[in-house]
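# Structural description and commentary
Next come the chains, spelled out residue by residue.
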Amino acid sequence: MLTQTLRQLERDGLVQRDITPSVPPIVEYSLTPLGETLLRPMRELKQWTRANYSLVEQAREMYDKAFSQE
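Below, the structure is looked at part by part.

Attention now goes to the overall build of the protein. When helices and strands are counted, the protein shows three helices and two strands. Since a compact globule built from 70 residues should have a radius of gyration of about 11 Å, the 19 Å found for the protein marks it as more spread out than a globular shape. Overall, the C-alpha framework of the protein stretches about 55 × 30 × 20 Å when taken along its three principal axes. Counting only residues that meet the buried cut, the protein has 9% of its 70 residues in that class. Within the protein, contacts between residues at least 6 apart in sequence are counted, and of these 3% link residues at least 24 apart.

Written out as structure tokens, the structure is:
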């Protein structure tokens, strides 16, 4: 699954894969300039999550309580 995700990110132009020929081969991934444009939105999402995750957990508990009796 990780390999599939990394390959898709590479295909989308978000990461670059560099292979160093050795035994075993060394594979390193880095963000492309396009990938780096996601850093700010991801930081903002992380901040939102920290501020609101307890509300998400409460909503899940209420949902589970309401629909577990069906």
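Having seen the model, we can carry on.
A separate point is the pattern of salt bridges. What the rule picks out here adds up to two salt bridges. Taking the shortest distance from any N to any O, the salt bridge between E10 and R17 comes out at 3.3 Å. As a salt-bridge pair, R40 and E44 come within 3.3 Å of each other at their nearest N and O atoms. Here R40 pairs with E44, and both are found in helix α3 (residues 39-67), just four residues apart, close to one helical turn.

With that out of the way, let us pick up unusual backbone geometry. Residues V23 and P24 are joined by a peptide bond in cis, for which omega reads -5°. One can find P24 in the loop between β1 (15-20) and β2 (26-31).

We now examine the environment of L9. Assignment of secondary structure puts L9 in helix α1 (residues 2-11). When the C-alpha positions of L9 and M62 are compared, they lie 36 Å apart, and in sequence the two are 53 residues distant. Once residues within four sequence positions are removed from consideration, L9 is found in contact with L14 and V15.

Here we come to the pairing of β1. Inspection of the sheet shows β1 paired to β2 by six bridges, in the antiparallel sense. The residue of β2 that forms the bridge with D18 is E28. Joining the antiparallel neighbours β1 and β2 is a turn of five residues.

Cut-offs applied
Residues numbered from 1 in each chain as written. Predicted model: local features only at pLDDT ≥ 70, side-chain atom pairs only at ≥ 80, totals over all residues. Heavy atoms only, no water. Helix = DSSP H or I, 4+ residues; strand = E, 2+ residues; numbered from the N terminus. Rg over C-alpha atoms; globule rule 2.2 N^0.38 Å. Buried < 20%, exposed > 50% of the residue type's maximum accessible area, 1.4 Å probe, protein only. Contact = heavy atoms within 4.5 Å. Salt bridge = Lys/Arg side-chain N within 4 Å of Asp/Glu carboxyl O. Pairing = 2+ DSSP bridges.

Shape descriptors only; they carry no functional weight alone.
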